Amino acid sequence: MNDQPIGIFDSGIGGLTVAHAVNKLLPQESIIYFGDTAHLPYGDKSTAAIQSYTIKIADVLLKNNCKVIQIACNSASAAAYQLVKEYVGSRAKVLNVIDPAVHYVAKKYEGKTIGLIGTKKTVSSNVYRKRLDKTNAEIELKALATPLLVPMIEEGFFNSNISHSIIENYLKDPALQGIEALILGCTHFPLIKKEIEAFYNKKVEVIDSSMIVAEHLKEYLRKHELISSGKDVKHTFYVSDYTRSFAESTRIFFKEEVQLEHYPLWE
Ligand code: DGL
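Model, not experiment: these values are computed from the prediction.

> For this particular structure, what's the right way to read the sheet that holds strand 6 (residues 140-145)?
Each strand in a sheet pairs with its neighbour through backbone hydrogen bonds, running either in the same direction (parallel) or in the opposite one (antiparallel). Taking strand neighbours across the sheet as the criterion, the four strands line up as 6-5-7-8 in an open arrangement whose pairing is parallel. Either end of the sheet is taken by a strand with one partner, and the two such strands are strand 6 and strand 8 (205-208). The mean angle between the axes of side-by-side strands here comes to 25°, regardless of whether they run parallel or antiparallel. Both strand 5 (residues 113-118) and strand 6 contribute to a ladder of six bridges, which runs parallel. Within strand 6, the residue paired with I117 across the bridge is L144. This element, helix 9 (residues 193-200), spans strand 5, strand 7 (181-185) and strand 8 of the sheet and lies at about 165° to strand 8.

> I tried to follow the state of the cysteines on my own but got confused; where do I start?
In a disulfide, the sulfur atoms of two cysteines are held together by a covalent bond. For the structure on display, the rule yields zero disulfides. Summary of cysteine pairing: C66 is not part of a disulfide, and the nearest cysteine sulfur, belonging to C73, is at 17 Å. By relative accessible area, C66 is classed as buried at 1%. Distance from the sulfur of C73, which forms no disulfide, to the nearest cysteine sulfur (C186) is 7.0 Å.

> Would you take a moment to explain the site of the ligand for this structure?
Every one of the 14 residues lining the ligand counts as a neighbour, but S11, Y42, G43, S75 and T187 are closest to it. D10 is positioned such that a nitrogen or oxygen atom in its side chain is 3.1 Å from a nitrogen atom of the ligand. Note that an oxygen atom of the ligand is positioned 2.8 Å from one of the side-chain N or O atoms of S75. Computed on the free molecule, the ligand has an accessible area of 300 Å², of which 99% lies beneath the protein chains in the complex. For the shell around the ligand, the class distribution of residues is six nonpolar, seven polar and one charged.

> It is not clear to me how the packing of aromatic side chains should be interpreted in this structure. Could you clarify?
Two numbers describe a pair of aromatic rings. These are the distance of the centres and the angle of the planes. If you walk through the whole model with that rule in mind, you get six aromatic pairs. With centroids separated by 5.1 Å and ring planes inclined at 70°, the aromatic side chains of F237 and F254 adopt a geometry described as edge-to-face. Residue F237 is located in strand 9 (residues 235-239), and its partner F254 is located in helix 11 (residues 244-254); the two are separated by 17 residues in the primary sequence. Taken as a pair, F237 and F254 share a single burial class, namely buried. Of the aromatic side chains, those joined through ring pairs into one cluster are Y33, F237 and F254. Positioned above the aromatic ring of Y87 is the side chain of R91, whose terminal nitrogen or guanidinium carbon lies 5.1 Å from the ring centre.

> Even after reading the chapter, I still don't get the sheet that holds strand 4 (residues 93-95), so can you show me in this structure?
The strand order across the open sheet built from six strands is 4-3-1-2-9-10, with neighbouring strands paired in parallel fashion. Of all the strands in the sheet, just strand 4 and strand 10 (260-262) have a single pairing partner and so form its edges. With direction set aside, neighbouring strand axes in the sheet form an average angle of 25°. As defined by bridge partners, strand 2 (residues 31-35) adjoins strand 9 across five bridges and the pair is classed as parallel. Each residue of the ladder has a partner; that of Y33, found in strand 9, is F237. Along the sheet face, helix 3 (residues 74-88) touches strand 1 (6-10), strand 3 (68-71) and strand 4 and points at about 170° away from the line of strand 4.

> Help me understand the nonpolar core, please; the structure alone is not making it clear to me.
Across soluble globular proteins, nonpolar side chains have a tendency to be buried as a group. Of all hydrophobic cores here, the largest spans 70 residues; its most connected members are I117, Y128, L149, L182, F189, I192 and I196. Per element, the largest residue contribution to this core is six residues, and it comes from helix 10 (residues 209-223). If sequence neighbours within four positions are ignored, F189 has contacts with I117, G118, T146, L149, V150, I153 and L184. F9, V84, V88 and V94 belong to the second largest nonpolar core, which has 27 residues in total.

> How should the environment of K172 be read in this particular structure?
Residue placement: K172 occurs in the loop between helix 8 (161-171) and strand 7. Between the alpha carbons of K172 and F199 there is a distance of 9.6 Å; along the sequence they are 27 residues apart. Sequence-distant contacts of K172, that is, excluding residues within four places in its chain, are made with Q177 and F199.

Quick notes on the rules
- Along each chain, numbering runs from 1 in the same order as the chain's sequence is written.
- Reporting of local features is limited, given that this is a predicted model, to residues whose pLDDT is at least 70; pairs of side-chain atoms are given and counted only at 80 or more, and all residues count toward the totals for whole chains, interfaces and linings.
- Hydrogens and water molecules were not included; the side-chain quantities draw on all heavy atoms of the structure.
- Between any two strands, at least two bridges found by DSSP are needed for them to pair.
- The secondary structure listing takes helices from DSSP runs of H or I that are at least 4 residues long and strands from runs of E that are at least 2 residues long, numbered from the N terminus.
- Between the N-to-C directions of two axes lies an angle of 0 to 180 degrees, each axis being a line fitted to C-alpha atoms and, for a helix, fitted only over the stretch in contact.
- In this description, contact between two residues means that some pair of their heavy atoms is separated by no more than 4.5 Å.
- Any two cysteine sulfur atoms within 2.5 Å of one another count as a disulfide.
- To sort residues, take the accessible area from a 1.4 Å probe on protein chains only and compare it with the maximum for the residue type: under 20% means buried, over 50% means exposed, and anything in between is partly exposed.
- If a single non-hydrogen atom of a residue is within 4 Å of a molecule or strand, that residue counts as near it.
- Here a polar contact is recorded for every N or O atom pair within 3.5 Å, except that within protein the pair must consist of a potential hydrogen donor and a potential acceptor, and residues adjacent in sequence are included only if both atoms are side-chain atoms.
- Areas reported as accessible are Shrake-Rupley estimates using a 1.4 Å probe. Residue values count occlusion only from the protein chains shown.
- In this count, Pro and Cys sit with the nonpolar residues alongside Ala, Val, Leu, Ile, Met, Phe, Trp and Tyr, while Asp, Glu, Lys and Arg are called charged and the others, Gly among them, polar.
- Pairing of aromatic rings covers Phe, Tyr and Trp, the last through its six-membered ring, and needs centres within 6.5 Å; plane angles under 30 degrees mean stacked, over 60 mean edge-to-face, and all others mean tilted.
- Any Lys NZ or Arg CZ that is within 6 Å of a ring centre and within 35 degrees of that ring's normal is treated as a charge sitting over the ring.
- In plain words, nonpolar cores are sets of buried Ala, Val, Leu, Ile, Met, Phe, Trp, Tyr and Cys residues tied together by side-chain atoms within 4.5 Å.

Everything listed is a geometric property; what it means functionally is a separate question.
Set out below in structure tokens:
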């Protein structure tokens with residue numbers, strides 16, 4: 001048993017979809033969430049820039065005594081997971097958002113063709129292909145960067161004509177044809193899952209990794225005897241740049257009102 005909090009971070013508020021799934025599945029755990037809203041989006045940044053931000057965030061989460069750091073951003077998982085893991089060392093466990101999804105598809109889609117959508121960083125890093133290769137599952141992966149989707153969601157354009165037409169444009173791309181499942185390789189995308197499912201009309205499984213990540217985390221805590229007793233559960237939400245629009249969007253991502261606290265990464 002371990003009552004220290006779980007640290008969860010993302011480039012912004014998209015990772016709250018993961019925090020929400022974690023809270024639902026592990027209500028006895030305290031969460032410290034860090035959204036690096038000052039540097040959003042990570043998807044267009046260099047590897048070096050993302051690495052320097054994530055090390056700073058790891059420091060904040062370590063200072064807050066987190067037992068586990070769950071990276072809730074595909075772009076950060078692609079660019080900085082190994083580095084953060086080495087940096088943190090034995091001070092906390094570090095988990096990424098990609099491996100649980102990869103294991104899920106490796107088990108279910110052996111011999112099949114699946115798709116992936118994500119930021120430019122995630123897709124160009126080829127990280128899903130590399131991790132899939134490690135599982136030895138014979139899977140053809142068709143990937144497409146969909147950079148308009150994050151700003152579209154951040155601006156509140158979903159379940160609208162605008163989002164329908166942008167999503168349709170991307171999903172009709174020749175690069176994504178002939179797939180049996182589609183990985184939502186960005187933690188913002190659970191918010192448009194229903195629209196993507198509607199496009200495929202149930203013929204393609206749309207894989208939202210937030211629940212898969214939360215289930216993996218639960219199993220991980222159990223295996224390492226790190227589950228909390230549930231005493232004094234408290235959630236804290238930090239952002240590196242505070243604006244009213246972030247505060248307003250937070251409810252949509254976390255599905256309940258939360259109090260954002262401003263925590264600048266560089267003074
Ligand atoms: N939520 C981030 C991810 O999962 C994408 C947002 C960004 O580009 O910063 O990749």
